[in-house]
Amino acid sequence: MCDDELGEDKVRDHERSTDTIAVIISINQNITGLAGKNDTYLTCSFTEYVNQNFVNIAIVSRNKQGIFPLDEPIVVFPPGKEAAVHPSAKYLLERVTLTNITHMSTHATIKFDNLKCEDEKDYICALTYINELSLSKTVSSDPTSISVKVSSSKPDNISSVIVWSAQSKKQEITSSTFLREGDTVTFTCTGNIGNPPGKFMWQMYSPQHEQLIVYSNATTEKEEMPENCTFRGTSNLTVHLTPDHFHAKYCCFEKSQKDVAGMYVETEPLNIHFQVNQVDITKHPNKKQYDQKTNNITLNCRGTGNPQPTYTWFKKGQNDSLLSNKSVYVITNVIRNRSGVYICEVYNSIDNINFRKAKSVEIHIVDDLQSSQESGWWKFVEEHTIPFICGVVGFIVFCAVIVFCICQKKKKNKSRCSQKTKSVGITMSTEYATVVRKNNTTSGETGDSMLVLNGMDRNKDTSRNKQEDPGKTWNATTSYQINEYAVPSDALQAGTITGKTGPGFTSFKDVKEI
């Protein structure tokens, strides 16, 4: 009895050893493919049976009942023969490539040339062989799966609805719809957002401000479409309209397609009615003052608004006299009495409501522009006058100064009047002229002054006891006016002004005599 039991154990051990060799079979894992592409593979790998006694290898997919029907594989690979698609998987015809099994091959592969949504399933490899006992055996690999990704596409469209308006009820926006400043509008973008599902993004471009605004907080609702193994998305964006949205465009695209040309949809430029604002006036030529030598003065008024604004020009104090009903007004007769404040009024009308905005500009016209600019100088000359009499001998300039005083007209003591005398040395160089004051009068007197008309500060000597007191330096290439004025309290004797030219100068031609 012990011998019989020993014999049965040997048979079982032999069968176990032969089956172990044949059972080594596997399939590749973690398979992800993009719908429509040709780079997805299923490969069965196996250990060659010692006697080459196997029947075939098959790839089986899980059916809707959740099982792997071994009698209905999708592809069969018989050794030494052509691999073939099983009649139960006709949907694979003409879109897969099969690798035949040979005596030297240990791999069976199916390549999807056009991966489709219906290929997203679980799969196993099944190897059928005849063991040494002439028994048919089938062994299977662990399951794997194919995940099909779907790219998002260009959105279908953007629709828009006025959800609130002071003038109208909720309505869908069409090409003939007038939007108004203050309206609240909802834009809706729909389309395929792919698998895994993506997200819609919104952008607004304003041409008048050359500005791009990205809306990152808009949400996307997704709806699964099993027949296409993808998702459909819907995104809403609600906007309160302002004049900044005039002619703006709203754009929608799926986030992963941001940098792909043409993968977006956009609205038509928004035609928004808004009241006039931002009125500006420009003048040409642009000056503070004008004289009669000016041919004309052009005033240009511009205001933003939709509908397009209208314009009227008036002069302050003469509002009943219309100057122009255009944006441009030209002052052609440039004379003194045309000075004044010019007013531009800008109008438009929305829903029979009129809107107005105004701006003004002041125009100052004088008889003689130069006289007006030097009025400060002549006012001073009314009180003090000093003539310069200069003679030029070679390079040395001797100036004799006669100083006298004209008493001020409006002062009570018209007899108070004194003279002063001093000498001034002027040294010229190619770039600068330096004034040096020299004292040749009695000590104890103060109040000496010199005025330079190029805008430089007035210099004053605080003591007449000093031998020299350096003055200001100015650019000698510009014509300057230099004068020495007597102060009524000074009672000094007449003196002289002397000076000499430096390199590059033969005279005081760059110093204007008064």
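Residues numbered from 1 in each chain as written. Predicted model: local features only at pLDDT ≥ 70, side-chain atom pairs only at ≥ 80, totals over all residues. Heavy atoms only, no water.

Counting secondary structure elements, the chain contains three helices and 37 strands. By the burial criterion, 39% of the 514 residues in the chain qualify as buried. Considering only contacts in the chain between residues 6 or more positions apart, those separated by 24 or more positions represent 62%. Element-wise, carbon and sulfur atoms account for 50% of the exposed surface of the chain, whose accessible area totals about 29,600 Å². (Helix = DSSP H or I, 4+ residues; strand = E, 2+ residues; numbered from the N terminus. Buried < 20%, exposed > 50% of the residue type's maximum accessible area, 1.4 Å probe, protein only. Contact = heavy atoms within 4.5 Å. Areas by Shrake-Rupley, 256 points an atom, 1.4 Å probe, with all protein chains shown as cover.)

Time to look at the sheet that holds strand 16 (residues 200-206). Pairing is antiparallel in the open sheet, where four strands are placed in the order 17-16-20-21. Since the sheet does not close on itself, it has two edges, and those belong to strand 17 (211-215) and strand 21 (265-266), each with one partner. (Pairing = 2+ DSSP bridges.)

Here the structure, examined in full by the defined rule, presents 10 salt bridges. For the salt bridge of Glu266 with Lys249, the shortest nitrogen-to-oxygen distance reads 3.6 Å. Placement of the pair is Glu266 in strand 21 and Lys249 in strand 20 (residues 249-254), with a sequence separation of 17 residues. The class for Lys249 is partly exposed, based on a relative accessible area of 31%. Salt bridges linked by common partners bring Arg95, Glu118 and Asp119 together as one network. (Salt bridge = Lys/Arg side-chain N within 4 Å of Asp/Glu carboxyl O.)

Our focus in this paragraph is a nonpolar patch on the surface. A cluster of nonpolar residues, Tyr205, Leu212 and Val214, forms a patch on the protein surface that exposes about 290 Å² of accessible area. Judged by its relative accessible area of 46%, Val214 falls in the partly exposed class. (Patch = residues over 30% accessible without salt bridge, like charges linked within 9 Å, V, L, I, M, F, W, Y side chains within 5 Å.)

Once that is clear, we can look at the nonpolar core. Leu42, Ile59 and Phe112 are the most contacted members of the largest nonpolar core, which has 31 residues in total. Going through the elements one at a time, strand 1 (25-27), strand 3 (40-46), strand 4 (54-61), strand 5 (75-77), strand 8 (107-112), strand 9 (122-130) and strand 11 (144-149) are the ones with two or more residues in this core. Not counting residues up to four positions away in its chain, the partners in contact with Ile59 are Leu42, Cys44, Pro73, Ile74, Val75, Phe77, Ile110, Tyr123, Ile124 and Cys125. The next biggest cluster of nonpolar side chains, apart from the first, holds 22 residues, and it includes Leu237, Tyr250, Val265 and Ile272. (Core = buried A, V, L, I, M, F, W, Y, C linked by side-chain atoms within 4.5 Å.)

A few words now on the state of the cysteines. Going through the model one piece at a time under the given rule, you end up with three disulfides. Here Cys189 pairs with Cys252 through a disulfide, and the sulfurs are 2.0 Å apart. On the S-S bond that ties Cys189 to Cys252, the torsion sits near -85 degrees, and the link is left-handed. Of the two residues, Cys189 sits in strand 15 (residues 184-194) while Cys252 sits in strand 20, which places them 63 residues apart along the sequence. Judged by relative accessible area, which is 0%, Cys189 ranks as buried. Among the residues examined, Cys252 registers a relative accessible area of 0% and is labelled buried. (Disulfide = S-S within 2.5 Å.)

Glancing now at unusual backbone geometry. For the bond running from Asn195 to Pro196, omega is 0 degrees, close enough to zero to count as cis. Position of Pro196 relative to the elements: it lies in the loop between strand 15 and strand 16. Residue Pro285 follows His284 across a cis peptide bond; omega there is -5 degrees. Position of Pro285 among the secondary structure elements: in the loop between strand 22 (272-284) and strand 23 (297-306). At His247, a position not held by glycine, the phi torsion is positive, near 65 degrees. In this fold, His247 is placed in the loop between strand 19 (230-240) and strand 20.

Here the focus is the confidence of the model for the chain. Considering every residue of the chain, the mean pLDDT works out to 74; 65% of them sit at 70 or more. Summarising per-element confidence for the chain, the mean pLDDT is lowest in strand 32 (residues 449-452) (32) and highest in strand 20 (97). Scored below 50 in pLDDT, residues 1-22 makes 15 contacts in the model with residues more than four places away or belonging to other chains. Note on residues 377-514: pLDDT is under 50 here. Beyond four places in sequence and across chains, it has 257 contacts. (pLDDT = per-residue confidence, 0-100.)

What follows concerns the sheet that holds strand 22. In space, the four strands of this open sheet follow the order 14-22-23-25, with mixed pairing throughout. At either margin of the open sheet sits one strand with a lone partner, and together these are strand 14 (179-180) and strand 25 (328-331).

This brings us to the side chain of Asn195. Its location among the elements puts Asn195 in the loop between strand 15 and strand 16. Leaving out residues up to four positions away in the same chain, Asn195 has contacts with Glu120, Val148, Lys149, Val150, Cys229, Thr230 and Phe231.

This part covers the pairing of strand 15. Among the 11 residues that make up strand 15, 11 are buried, leaving the element largely enclosed by the rest of the structure. Both strand 15 and strand 19 contribute to a ladder of 10 bridges, which runs antiparallel. Of the residues in strand 19, the one forming a bridge with Thr188 is Asn236.

Attention now goes to the environment of Ser256. Relative to the assigned elements, Ser256 resides in the loop between strand 20 and strand 21. As a C-alpha pair, Ser256 and Gly194 span 62 residues in sequence and 9.6 Å in three-dimensional space. A polar atom in the side chain of Ser256 sits 3.3 Å from the side chain of Ser152. Polar side-chain contacts of Ser256 include one of 2.2 Å to the side chain of Glu254. (Polar contact = N/O pair within 3.5 Å; in protein donor to acceptor, adjacent residues only side chain to side chain.)

Right, let's get into the environment of Val279. Here Val279 is to be found in strand 22. As a C-alpha pair, Val279 and Ser360 span 81 residues in sequence and 9.7 Å in three-dimensional space. Excluding residues within four positions of it along the chain, Val279 makes contact with Cys301, Arg302, Gly303, Val346, Lys357 and Lys359.

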